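Analysis of the macromolecular model
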Amino acid sequence: MGGGTPASPRGRRRVIAGAVVTVLVVLTGGAGPAVADPYDDQRRENQRKQSAVERRSEELEASIEGLSAELGQAVLDLQATEARLPVAQAELAAAVETLERNQREAALIAARLVDAQAQEVSITATIAADDARGKEIRTAVGQLARRAYKGETAATSLSVVMEAESTEDFVDQYGMVSTALRTQTRALDELEQIEAANRNSQARLTAVKEKVAALKVEADQKVIEAEAARVAAEERRAEIERLIAEQQAKQQAIAGMKAQAEAEQAQVDAQQAALEAELADIIARERAAAEAARAAAAAAAAAAAAAGQKPPPAPPVTQPPSGSVSGAVFSNPTSINPMYVTSEYGMRLHPILGYVRLHAGIDLRTYCNTPLYAPRDGTVRWAEWRNGFGNQVMLDYGTLDGNSLMSSANHLTRSVVAAGQRVSRGQLIGYSGNSGLSGACHLHFEVYVNGKTVNPRPLLGR
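Residues numbered from 1 in each chain as written. Predicted model: local features only at pLDDT ≥ 70, side-chain atom pairs only at ≥ 80, totals over all residues. Heavy atoms only, no water.

Named according to an unreviewed UniProt entry, the chain is Peptidoglycan DD-metalloendopeptidase family protein originating from Cellulomonas fimi.

What follows is the structure, encoded as structure tokens:
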């Protein structure tokens, strides 16, 4: 039977599916491992993730099968919260990592800024000292030049010879002139070196100032980034606390709905049992009618023989039931090709009661209002509303290997056939929908052998 859900559950499922894909992205990264063609590799990885999201969405739909809208919504709400929780936790870890990285980078930038500022101070001091020393040299050289201009110092060796009063005086004056000339030359050389060093220092100072300015901008940006990461981390922490509280509240709410879930499940079980009982009654009446026909034919044959007349044709002999049907006896009843099973036949865990119960058919992927077809030549037993099954079309295929064979298409938006109508394989019988207790538009397809459900999967061809 189909599953219960609110009238418009798609938005909730999209939220859950989005959370699932986000978890996949966070945990696996944005792309797969590098191969020869990274674009093909990424496309395959994205397809894999999309398939995982679709499968999870289908599992969510299947989990609320057989539940009323209220219980289905409660389960979806809890699953949405539980799907979001690991995403928020991953986002918190990422935000904390970003914050710590920004803090480390900010500390490194701060250290580089302090070093650059110290260099700026040192270079500035060096330039100031060199400027002062250059000023002193220029002053001294200027004074020597002014004295020479005024004749206060001996300009040449000849003037020393001419003006010397004695040999000793010549030696003294010549020594003084030589010393003065050497001092002046050294001063000019030193001044040239200072000016060259100053030009280099000025260039370094300009570079350091630019570096300081850039580091200040970078430091300011890191402060902004760190603050954003801190805010993001705080928001995720608050969200996680809220999600945990919501999770606990929803779990308690669902626990409080246990009695309602038990009553609904009992109703579903009763509907399934009533359906099977109805089919068993049909089969019993058909077999009884066949037996009565054979008995009547036998009596007619005996009477004809007693009267010396030709007996009427005997009815065909009914093969005893083998108890099972095998092989691909059905074609694809959906318009999706290839046919895609979203939920298998078998035992399924009840999302509220916690025990397994039979999922008596398979769910086939369809979309709202897409065509559904008869999977085999047969007769329409009924096409009507059947409670949790929604709009149901029951097809009877007669006997196969002595076994009664029937199938039902459930949750249709509407049918286009009527009871008693003969249909052929591939003939349109209705349109897929979400009627009854169903989680989304799909085909819930059940097969009955001798009135009991069997797994349709091995009986379906393509």
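**Observations regarding the sheet that holds strand β11 (residues 428-431)**
Strand pairing in a sheet relies on backbone hydrogen bonds, with the paired strands running either antiparallel or parallel. Taken together, the three strands give an open sheet; going across it, the order is β5-β11-β9, and neighbouring strands pair in antiparallel fashion. Each edge of the sheet is formed by a strand with only one pairing partner; in this case those strands are β5 (371-373) and β9 (414-415). As defined by bridge partners, β5 adjoins β11 across three bridges and the pair is classed as antiparallel. Looking at the pairing, Tyr373 lines up with Leu428 of β11. (Pairing = 2+ DSSP bridges. Helix = DSSP H or I, 4+ residues; strand = E, 2+ residues; numbered from the N terminus.)

**Considering the confidence of the model for the chain**
Low pLDDT marks regions whose predicted coordinates should not be analysed in detail. Residues with a pLDDT of 70 or more make up 79% of the chain, whose mean pLDDT is 82. Overall, residues 19-35 carries pLDDT values under 50, and its contacts beyond four positions in sequence, including any with other chains, amount to 33 contacts. (pLDDT = per-residue confidence, 0-100. Contact = heavy atoms within 4.5 Å.)

**Examining the pattern of salt bridges**
When their charged atoms lie close together, side chains carrying opposite charge are able to pair. Within this structure, the stated rule accounts for 21 salt bridges. The closest approach of N and O atoms between Glu286 and Arg381, which form a salt bridge, is 2.0 Å. Residue Glu286 is found in helix α6 (residues 258-306), and its partner Arg381 is found in strand β6 (residues 378-385); the two are separated by 95 residues along the sequence. Residue Arg386 pairs with Glu384 through a salt bridge whose shortest N-O separation is 2.7 Å. Overall, Arg386 belongs to the buried group, its relative accessible area being 18%. (Salt bridge = Lys/Arg side-chain N within 4 Å of Asp/Glu carboxyl O. Buried < 20%, exposed > 50% of the residue type's maximum accessible area, 1.4 Å probe, protein only.)

**Notes on unusual backbone geometry**
Of note, the amide linkage connecting Asn337 to Pro338 takes the cis form, showing an omega dihedral of 5°. The phi angle at Asn369 is positive, at roughly 65°, despite the residue not being glycine. Inspection of the secondary structure puts Asn369 in the loop between β4 (362-364) and β5. Accessibility expressed as a relative area gives 48% for Asn369, which makes it partly exposed. Here the phi dihedral of Asp401 falls at roughly 55°; this positive angle occurs in a residue that is not glycine. Mapped onto the secondary structure, Asp401 falls in the loop between β7 (391-400) and β8 (403-412). Residue classification places Asp401 among the partly exposed positions, given a relative accessible area of 39%.

**Some words on the nonpolar core**
By size, the foremost hydrophobic cluster in this structure holds 26 residues, and its most contacted members are Val329, Phe330, Leu364, Leu395, Leu405, Ile429 and Phe445. Contributing elements (two or more residues each) for this core: β4, β7, β8 and β12 (443-449). Ile429 has contacts with Leu372, Tyr373, Ala374, Val393, Ala409, Leu412, Ser415, Val416 and Val417, leaving out every residue within four places of it along the chain. Counting residues in each nonpolar core, the second largest holds twelve residues, with Ile64, Ala74, Ile352 and Leu353 among its members. (Core = buried A, V, L, I, M, F, W, Y, C linked by side-chain atoms within 4.5 Å.)

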